[in-house]
Amino acid sequence: MSATPLATHGRYSFSSIKDRPAYRWPNGAGLAVYVAVGVEEYSFGEGLTEDLFPGASRPDLVNASWRDYGNRVGAFRLFERLASFDIAPALLLNTAIYDHAPAVIAAARDIGAEFVAHGISNSHTLAGMDPQEEAAYLRAVVERITVEEGAPPAGWSSPWLAHSPATLDLLAAEGFKYVADFRMDDQPVWLTTQTGRLMSMPYALELNDSTTIIGRQASARDFAEMIIDEFDEMLEASRTQPLVMSVVVHSFISGQPFRLRALTRALEHIAARRQEIWLARPGDIAAWAEERTGPGGA
């Protein structure tokens, strides 16, 4: 009896990290590190929300106020702390921020952030959209960032890390260079699409304060220790191959004072080794890797 082939998604094939193109990051570094800051806006009482206090009464001002802290306070403190270490982050941007919290946009520009498209609002999800609706949604995000920043975004990160069957094809067709949603590897991976080239930028799903601190109830200290351990392990492994490490935080989560203090210890640990690594933005990493891997890369 012959074995029935397992179903696959078909978006990338198996590749061993032991058999990859040999190259280094700028200055001979083996490890590239980027920090992404999620800056989000929600529609009050509608759609999806991230809540700290489940089961709140309606209208839910309690959870809304917790999320609003990020755009009123947390984003600025995170930006200032990152700037103190000379770290230019990726900004995972809901374009509604342009209208609802323009001061956050100005502060992000001031520290040299890369604007990564993250939907219009985090009350939205691509899951369940038909291809025409989704294409129009992606185009609206691209057009807004292009008008405001003078250039289209190179990268996309999905609200709620959610996708439709057509998402990757539509991202490539819209001209995105990379998507930061997946952690199948420690190196950039070329995805298979029907419409063009699209790179998967390593995105550590667990070094994410939303999934780990809110979703799994880890403490701020636990989260900082995870970052430190990941960094030390990957730095050692990168002696012989180029690797990418990400840290993903949100303005309303890690921007809270007690979490920011813990996160700072992890940032200090990373910055102390900056001569051995490449502290970069994901767009810079994608461009460097593309020149050195080509479509036959990982």
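To be clear, the structure that these remarks concern was listed above.
Keep in mind that what you see is a predicted model, and the values were worked out from it rather than measured.

Caption draft 1: Representation of a negative patch on the surface within the structure. Negative charge collects at one region of the surface, where Asp 222, Glu 225, Asp 229, Asp 232, Glu 233 and Glu 236 lie side by side. One can find Glu 225 in helix α7 (residues 220-237). For Glu 225, a relative accessible area of 45% puts it in the partly exposed group.

Caption draft 2: Just the packing of α7 against helix α8 (residues 257-271), in detail. Two elements in contact, α7 and α8, have axes separated by 8 Å at closest approach and are oriented at 15°. Here α8 runs roughly parallel to α7, going by the angle between their axes. The two elements α7 and α8 cross, and the hand of that crossing is right-handed. On α8, the residues touching Ala 220, Arg 221, Ala 224, Ile 227, Ile 228, Phe 231 and Asp 232 of α7 are Phe 258, Arg 259, Ala 262, Leu 263, Arg 265, Ala 266, His 269 and Ile 270. Class assignment of the residues belonging to the contact of α7 with α8 gives a composition of 10 nonpolar, one polar and four charged.

Caption draft 3: How the structure looks around unusual backbone geometry. In this chain, Arg 58 is followed by Pro 59 through a cis amide linkage whose omega measures 0°. In the Ramachandran plot, Asp 86 falls in the positive-phi region, its phi being about 55° despite a non-glycine side chain. As for its placement among the helices and strands, Asp 86 is situated in the loop between α1 (61-84) and β2 (90-93). One non-glycine residue, Gln 217, lies in positive phi territory at about 65°. On the secondary structure map, Gln 217 appears in the loop between α6 (209-214) and α7.

Caption draft 4: A look at the environment of Ala 280. Note that Ala 280 resides in the loop between β9 (277-279) and α9 (282-293). The class of Ala 280 is buried, set by a relative accessible area of 6%. Along the chain, Ala 280 and Ile 213 lie 67 residues apart, while their C-alpha atoms are 25 Å from each other. Apart from the residues lying within four places of it in its own chain, the contact partners of Ala 280 are Val 33, Tyr 34, Ala 88 and Ile 285.

Caption draft 5: Just the pairing of strand β1 (residues 31-39), in detail. With nine of nine residues buried, β1 is to be regarded as a mostly interior element. Going residue by residue along β1, you find Leu 31, Val 33, Val 35, Val 37 and Val 39 tucked away on one face and Ala 32, Tyr 34, Ala 36 and Gly 38 tucked away on the opposite face as well. In this sheet, strand β8 (residues 243-250) lies alongside β1 in parallel orientation, the contact comprising eight bridges. Paired with Ala 36 across the two strands is Val 248, which belongs to β8. Two elements, β1 and β9, share three bridges in a ladder whose sense is parallel. Within β9, the position partnered with Leu 31 by the bridge is Ile 277. Handedness of the β1-α1-β2 crossover: right-handed.

Caption draft 6: Spatial organisation of empty space enclosed by the protein. Across all of its chains, the model carries one cavity of 30 Å³ or more by this definition. Empty space within the largest cavity amounts to approximately 30 Å³. In this structure, the largest cavity is lined by Tyr 34, Ala 36, Ala 90, Leu 92, Val 116, Tyr 178, Ala 180, Tyr 203 and Pro 282. Contributing elements (two or more residues each) for the lining of the largest cavity: β1 and β2. Taken together, the residues that form the lining of the largest cavity break down as nine nonpolar, no polar and no charged.

Caption draft 7: Quick look at the environment of Ala 101. Relative to the assigned elements, Ala 101 resides in the loop between α2 (97-100) and α3 (102-110). Classification of Ala 101 as buried rests on a relative accessible area of 10%. Linking Ala 101 and Asp 68, residues 33 residues apart in sequence, is a C-alpha distance of 9.9 Å.

The rules behind the values
Residues numbered from 1 in each chain as written. Predicted model: local features only at pLDDT ≥ 70, side-chain atom pairs only at ≥ 80, totals over all residues. Heavy atoms only, no water. Patch = residues over 30% accessible without salt bridge, like charges linked within 9 Å, V, L, I, M, F, W, Y side chains within 5 Å. Areas by Shrake-Rupley, 256 points an atom, 1.4 Å probe, with all protein chains shown as cover. Salt bridge = Lys/Arg side-chain N within 4 Å of Asp/Glu carboxyl O. Lys, Arg positive; Asp, Glu negative; His and termini not counted. Charge placed at Lys NZ, Arg CZ, Asp CG, Glu CD. Helix = DSSP H or I, 4+ residues; strand = E, 2+ residues; numbered from the N terminus. Buried < 20%, exposed > 50% of the residue type's maximum accessible area, 1.4 Å probe, protein only. Axes fitted to C-alpha atoms, helices over the stretch in contact; angles between N-to-C directions. Parallel < 35°, antiparallel > 145°, perpendicular 65-115°, else oblique. Left-handed = near helix turned anticlockwise from the far one by under 90°. Contact = heavy atoms within 4.5 Å. Nonpolar A, V, L, I, M, F, W, Y, C, P; charged D, E, K, R; others polar. Pairing = 2+ DSSP bridges. Right-handed = clockwise from strand over helix to strand, strands pointing away. 1 Å grid on protein atoms, 1.4 Å probe; cavity = no way out; pocket = protein on both sides within 12 Å on 5 of 7 lines; lining within 4 Å. Points joined across faces, edges and corners; volume = space filled by probe spheres on them.

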